[in-house]
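# What the coordinates show
Here's the letter readout for the chains.
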Amino acid sequence: MPELAPAQRLLPPNRTALELALAGTSPMDLDTDGLRYLWSAMRCLAALLPWLSWTLSVEAWQDAKSDDAKRALILNSIEIHRHKGTPWAIRQLIRSLGFGEVNIIERVGGRSHNGTIRRNGVYPHAPLATTWATYIVDFQRPITNAQAERLRKLLPSVAPARCHLVALRYAAVANSHNGATRRDGAYNHGSA
């Protein structure tokens, strides 16, 4: 019997002739040393990161652009799943995606007219009985409209099931007419 190639030796004993042929002629040289780090997000081969994220049910995998962001998202996914339904999980998901720190304003309505809050559009004139399960995510940097739309779809997967997202705001750092951002429709004026 001829000597088997390294990739062919990984096949099970009930392998077919076609599997042997494909494994022997594969242009991809399988790095068997890298397989020992399959469950380590920091040391896993980059080509196997999607499989690791699928195994761990990572939220927002397609939104992480770089390998470092993908690895951070995988590392945080277990803790995010463990604390799902809390403001901490919302913050951690947003941090993992690279949006930085956020302020979460819970129970948006039901504020009294005692001078403790400003009527600046953040808090609606609504009784607490109808707005107790609402929240706003206030960013410290602008996000694009596409990012805001994607976050609106992702947040229900980690936010408390009873809560409803009212707005994604970055009014503190809204786009001004200073030439720092282009007026091409990618960003809005501070709330999405």
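The paragraphs below set out a description of the structure included in this document. (Residues numbered from 1 in each chain as written. Predicted model: local features only at pLDDT ≥ 70, side-chain atom pairs only at ≥ 80, totals over all residues. Heavy atoms only, no water.)

### A look at the overall build of the protein
- Each helix and strand counted, the protein has seven helices and three strands in total.
- Starting at the N terminus, the α and β elements of the protein follow one another as α-α-α-α-α-β-α-β-α-β.
- Counting all 192 residues of the protein, 30% fall into the buried class.
- Sequence-distant contacts, at least 24 apart, represent 51% of the contacts inside the protein between residues at least 6 apart.
- For the protein, the computed accessible surface area is about 12100 Å², with 56% contributed by carbon and sulfur atoms. (Helix = DSSP H or I, 4+ residues; strand = E, 2+ residues; numbered from the N terminus. Buried < 20%, exposed > 50% of the residue type's maximum accessible area, 1.4 Å probe, protein only. Contact = heavy atoms within 4.5 Å. Areas by Shrake-Rupley, 256 points an atom, 1.4 Å probe, with all protein chains shown as cover.)

### Side note on the sheet that holds strand 3 (residues 164-169)
- Pairing in this open sheet of three strands is mixed, and the strands run 1-2-3 from one edge to the other. A strand with exactly one partner marks an edge of an open sheet, and here the two such strands are strand 1 (102-106) and strand 3. Between one strand axis and the next, the sheet turns through 20° on average, direction left out of account.
- Two elements, strand 1 and strand 2 (residues 134-139), share five bridges in a ladder whose sense is antiparallel. (Pairing = 2+ DSSP bridges. Axes fitted to C-alpha atoms, helices over the stretch in contact; angles between N-to-C directions.)

### Points about the pattern of salt bridges
- All told, the structure shown has three salt bridges when counted by the stated rule.
- The partner of arginine 95 in a salt bridge is glutamate 101, and the shortest N-O contact between them spans 2.8 Å.
- We classify arginine 95 as partly exposed; its relative accessible area is 32%.
- The closest approach of N and O atoms between arginine 169 and aspartate 138, which form a salt bridge, is 3.4 Å. Taken together, the positions of arginine 169 in strand 3 and aspartate 138 in strand 2 put the pair 31 residues apart, joining distant regions of the chain.
- Residue classification places aspartate 138 among the buried positions, given a relative accessible area of 15%. (Salt bridge = Lys/Arg side-chain N within 4 Å of Asp/Glu carboxyl O.)

### Regarding the pairing of strand 3
- Sheet topology places strand 2 next to strand 3; five bridges connect them, and they run parallel. Bridging across to strand 3, aspartate 138 finds its partner in arginine 169.
- The β-α-β motif built from strand 2, the intervening helix 7 (residues 145-158) and the parallel element strand 3 has right-handed crossover chirality. (Right-handed = clockwise from strand over helix to strand, strands pointing away.)

### Concerning the packing of aromatic side chains
- Tallied over the full model, the rule gives two aromatic pairs.
- Seen from their ring centres, tryptophan 51 and tryptophan 54 are 6.4 Å apart, and the 85° between their planes marks the pair as edge-to-face. In this pair, tryptophan 51 and tryptophan 54 both sit in helix 3 (residues 49-55), three residues apart, roughly one turn of the helix.
- The exposure class of tryptophan 54 is exposed, given its relative accessible area of 66%.
- Measuring from ring centre to ring centre gives 6.2 Å for phenylalanine 99 and phenylalanine 139, while their planes differ by 80°; the resulting arrangement is edge-to-face. Of this pair, phenylalanine 99 sits in the loop between helix 5 (87-96) and strand 1 while phenylalanine 139 sits in strand 2, placing them 40 residues apart in sequence. (Phe/Tyr/Trp six-rings, centres within 6.5 Å; stacked < 30°, edge-to-face > 60°.)

### Things to note about helix 4 (residues 67-82)
- Along its 16 residues, helix 4 runs 23 Å from first to last C-alpha, staying within 8% of the 22 Å computed at 1.5 Å per residue.
- Its maximal kink placed at asparagine 76, helix 4 deviates by approximately 40°.
- Within the span of helix 4, buried status applies to Lys70, Arg71, Leu73, Ile74, Ser77 and Ile80.
- Buried-residue contacts for helix 4 involve helix 3, helix 5 and helix 7. (Expected span 1.5 Å × (residues − 1). Bend = angle between axes of the 7 residues up to and from the residue.)

### Examining the packing of helix 4 against helix 5
- Viewed as axis vectors pointing N to C, helix 4 and helix 5 meet at an angle of 170°, and their least axial separation amounts to 9 Å. With respect to their mutual orientation, helix 4 and helix 5 come out roughly antiparallel. Between helix 4 and helix 5, the contacting residues are Ala69, Ala72, Leu73, Asn76, Glu79 and Ile80 on the first element and Trp88, Ala89, Gln92, Leu93 and Ser96 on the second.
- Classifying every residue of the contact of helix 4 with helix 5 gives seven nonpolar, three polar and one charged. (Parallel < 35°, antiparallel > 145°, perpendicular 65-115°, else oblique. Nonpolar A, V, L, I, M, F, W, Y, C, P; charged D, E, K, R; others polar.)

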